[in-house]
Amino acid sequence: MTVLKNLIERQNEPTYLSGIAEETGLSHASVSRVITPLVGSGVVTEKPFGKQTRIFQLNMESEAAKLIVDFYKKINQTEIEA
């Protein structure tokens, strides 16, 4: 959830594993372990950048990603109203 939250809040900005790790306080290995199935399911896109760097971004063309973002917005709305 922490990785997804980070990607949702920056859905228009590509990011790196190290950037997600730094912003979330998770280890690089933890972020990698979490993001791999998100890429596999199409919720997150992965693009190579240079020889060793990969860029990740929420895939807003994915129905699943749209549903996740919608759910996230509804949860935040509920928290604000409570």
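Just above sits the structure.
Residues numbered from 1 in each chain as written. Predicted model: local features only at pLDDT ≥ 70, side-chain atom pairs only at ≥ 80, totals over all residues. Heavy atoms only, no water.

Can you walk me through the overall build of the protein chain in this structure?
The secondary structure content of the protein chain amounts to four helices and two strands. Of the regular secondary structure in the protein chain, the N- to C-terminal order runs α-α-α-β-β-α. For the protein chain, the C-alpha radius of gyration of 13 Å lies close to 12 Å, the compact-globule estimate for 82 residues. Seen along its three principal axes, the alpha-carbon backbone of the protein chain occupies a region of about 45 × 30 × 20 Å. The buried share among the 82 residues of the protein chain stands at 28%. Accessible surface, the protein chain: about 5600 Å² in total, of which carbon and sulfur atoms supply 54%. (Helix = DSSP H or I, 4+ residues; strand = E, 2+ residues; numbered from the N terminus. Rg over C-alpha atoms; globule rule 2.2 N^0.38 Å. Buried < 20%, exposed > 50% of the residue type's maximum accessible area, 1.4 Å probe, protein only. Areas by Shrake-Rupley, 256 points an atom, 1.4 Å probe, with all protein chains shown as cover.)

Please explain the pairing of strand 1 (residues 44–49) as it appears in this structure.
Consecutive side chains along a regular strand alternate between the two faces of the sheet. Looking at chain direction, strand 1 and strand 2 (residues 53–58) are connected through six bridges and run antiparallel. Among the inter-strand pairings, K47 is bridged to a residue of strand 2, identified as I55. The hairpin formed by strand 1 and strand 2 contains three residues between the paired strands, and G50 there has a positive phi angle of roughly 80 degrees. (Pairing = 2+ DSSP bridges.)

Can you walk me through the pattern of salt bridges in this structure?
In a structure, side chains of opposite charge can pair up when their charged atoms sit close to one another. Tallied over the entire structure, the rule returns five salt bridges. Between E23 and R10 there is a salt bridge; the shortest N-O distance is 2.8 Å. Placement of E23 in helix 2 (residues 17–24) and of R10 in the loop between helix 1 (2–9) and helix 2 is noted, with a sequence separation of 13 residues between them. Judged by its relative accessible area of 45%, E23 falls in the partly exposed class. Note that K66 and E63 form a salt bridge whose closest N and O atoms lie 3.7 Å from each other. Of this pair, K66 and E63 both sit in helix 4 (residues 63–81), separated by three residues, roughly a single helical turn. Using a relative accessible area of 36% as the deciding quantity, one classes K66 as partly exposed. (Salt bridge = Lys/Arg side-chain N within 4 Å of Asp/Glu carboxyl O.)

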